[in-house]
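# A structural walkthrough
Read off the chains here:
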Amino acid sequence: MADQQSSVVELNVGGVFYTTSSQTLAKDPNSTLAALVAAGGGDWPRDSKGKIFIDRDGVLFRYVLDYLRNQALVLPESFRERERLKQEAQFFQLPGMVEAISATPGGRQPGYITIGYRGSFAFGRDGLADVKFRKITRILVCGRVTLCRDVFGESLNESRDPDHGLTDRYTSRFFLKHSSIEQAFDMLQEQGFTMAGSCGSGTAGSSADLKPGVDSEESRWNHYNEFVFIRE
C-alpha cells in the first residue's frame, strides 16, 4: 500500500469483505483508517486469505466507507441503528461523521400510525366470575409504509399487502407478528410517538355453532379498539 493514491485495499470487517482504495480510507488524515494506510497494514491482523481484518460491525462499515467517499452522511429512511453507527464512527476516529449522526437525532419524519385490534375476554370455567384477561387475535397497523417499517421493523407482517415493496404510499393491511398490544405501544413510544386519540366498540356474538374450545360467554364479549399515534 505504498501508493496511497491508487492501491486497492481488501478488508475483512467482522466477516464482511470490502474492496476499496487507500485514497478513500485516508480521506480523513487523523482517522484510524488513515493510520492503517500510512502503516501499510502495520500490526493489523489478517485473515486466512491475507485480507486486513478489523473486528468491528461489518454491516455498518458500509456507511463508514460511504461517508469517506462522499464526505456526507446518507442513511435509509428506516435506519434504526444510529447509536451503534455512532460507536463505529467514534472507533474509527471520524469526528465529522459523529457530528453528522448527532445533527439528525433519529432523522424521524412526522406522521400518524393507527393501531387496531379485535379480541375477546378469556373466560374460565365459572364464566363471568372467572374472567382472566383479553384475548387478541391480531394487531392491525395502518399508516404510511415508511413510518410503519421504521417503528416496527421485523415485527411487521406485510404478507397481506398487495403492493408489497413500494414505500411512498399508505396502507391499512399491515399487522404485527406478535399479539402483545403493550409491546406495540412500547415500540411506538421508543420512536417518539404519542397517543392522540382512541376509540372502542363491542359486538354481539352470533348464535352460530362455536368452534371447539370457545366458551359461549367469551364469544359474546367481542370488542374492537383503535389507537391513533402521532409523531411531530
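What comes next concerns the included structure. (Residues numbered from 1 in each chain as written. Predicted model: local features only at pLDDT ≥ 70, side-chain atom pairs only at ≥ 80, totals over all residues. Heavy atoms only, no water.)

All right, on to the overall build of the chain then. Helix and strand counts for the chain stand at eight helices and nine strands. Here the chain holds 232 residues, and the buried ones make up 40% of them. When contacts within the chain are restricted to residue pairs at least 6 apart in sequence, those whose partners lie at least 24 apart make up 62%. Entry remark: accessible area of the chain is about 13400 Å², with carbon and sulfur atoms responsible for 48%. (Helix = DSSP H or I, 4+ residues; strand = E, 2+ residues; numbered from the N terminus. Buried < 20%, exposed > 50% of the residue type's maximum accessible area, 1.4 Å probe, protein only. Contact = heavy atoms within 4.5 Å. Areas by Shrake-Rupley, 256 points an atom, 1.4 Å probe, with all protein chains shown as cover.)

We now examine the packing of aromatic side chains. Any two aromatic rings considered together are summarised by their centre-to-centre distance and by the angle between their planes. Evaluation of the coordinates by the stated rule reveals six aromatic pairs. Taking 5.2 Å as the distance between ring centres and 70° as the angle between the ring planes, the aromatic pair formed by Tyr18 and Phe61 counts as edge-to-face. Of this pair, Tyr18 sits in strand E2 (residues 16-21) while Phe61 sits in helix H3 (residues 61-70); the two residues are 43 residues apart in sequence, bridging distant segments of the chain. Members of the aromatic cluster, joined through ring pairs, are Tyr18, Phe61, Phe91 and Phe92. Lying over the aromatic face of Phe17, Lys51 brings its terminal NZ or CZ to 4.9 Å of the ring centre. A cation sits over an aromatic face here: Arg138 above Phe175, 3.9 Å from the ring centre. (Phe/Tyr/Trp six-rings, centres within 6.5 Å; stacked < 30°, edge-to-face > 60°. Lys NZ or Arg CZ within 6 Å of the ring centre and 35° of its normal.)

What follows covers the sheet that holds strand E3 (residues 52-54). What holds strands together in a sheet is hydrogen bonding between their backbones, with the strands either parallel or antiparallel. Strand order in the open sheet formed by three strands is E2-E1-E3, with mixed pairing between adjacent strands. A single partner strand is all that each edge strand has here, and the edge strands are E2 and E3. Strand after strand, the sheet turns through a mean of 30° between neighbouring axes, direction not considered. Looking at chain direction, strand E1 (residues 8-13) and E2 are connected through six bridges and run antiparallel. The residue bridging Leu11 from the neighbouring strand is Tyr18, located in E2. (Pairing = 2+ DSSP bridges. Axes fitted to C-alpha atoms, helices over the stretch in contact; angles between N-to-C directions.)

The next subject is the side chain of Thr32. With respect to the element layout, Thr32 can be found in helix H2 (residues 32-38). Its relative accessible area of 13% is what places Thr32 among the buried residues. A distance of 3.2 Å separates the side chain of Thr32 from the backbone oxygen of Phe91, its partner in a polar contact. Beyond its immediate chain neighbours, meaning those up to four positions away, Thr32 contacts Trp44, Phe91, Phe92 and Gln93. (Polar contact = N/O pair within 3.5 Å; in protein donor to acceptor, adjacent residues only side chain to side chain.)

Time to look at the packing of helix H4 (residues 82-91) against helix H5 (residues 95-103). Between H4 and H5, whose axes approach to 8 Å, the crossing angle comes to 165°. Judged on the interaxial angle alone, H5 and H4 are roughly antiparallel. For the pair H4 and H5, the crossing hand works out as left-handed. Residues Arg82, Leu85, Lys86, Ala89 and Gln90 of H4 form the contact with H5, whose own contacting residues are Met97, Val98, Ile101 and Ser102. Residue composition of the contact of H4 with H5, by class: five nonpolar, two polar and two charged. (Parallel < 35°, antiparallel > 145°, perpendicular 65-115°, else oblique. Left-handed = near helix turned anticlockwise from the far one by under 90°. Nonpolar A, V, L, I, M, F, W, Y, C, P; charged D, E, K, R; others polar.)

All buried positions along H3 are accounted for by Phe61, Tyr63, Val64, Leu65, Tyr67 and Leu68. Each element contacted by the buried residues of H3 is listed here: E1, E2, helix H1 (22-25), H2, H4 and H5. The first or second residue beyond H3 is Gln71, which carries a positive phi of 55°.

This paragraph deals with H4. Taken as a whole, H4 has its buried residues at Arg82, Leu85, Lys86, Glu88 and Ala89. All buried residues of H4 fall inside an arc of 160° around its axis, so they share one side. Looking at the packing, one finds that the buried side of H4 touches H3 and H5. Directly beyond the C-terminal end of H4, a positive phi value near 55° is found at Gln93. (Arc of directions from axis to C-beta.)

Taken together, E1 and the strand that follows it, E2, pair antiparallel across an intervening segment of two residues, in which Gly14 is found at a positive phi of about 55°. As judged from the three bridges shared by E1 and E3, these two strands associate in the parallel manner. What sits directly across from Leu11, in E3, is Ile52.

This part takes up the nonpolar core. With 26 residues, the main nonpolar core has Leu11, Leu33, Ile54, Phe61, Val64, Leu85 and Met97 as its most contacted residues. Secondary-structure elements contributing two or more residues to this core are E1, H2, E3, H3, H4 and H5. Top contributing element to this core by residue count: H3, with six residues. Once residues lying within four places of it in the same chain are set aside, the contact partners of Leu11 are Val16, Phe17, Tyr18, Thr20, Leu25, Lys51, Ile52, Ile54 and Phe61. Among the nonpolar cores identified, the runner-up in size contains 21 residues, and Val141, Leu147, Phe174 and Phe229 belong to it. (Core = buried A, V, L, I, M, F, W, Y, C linked by side-chain atoms within 4.5 Å.)

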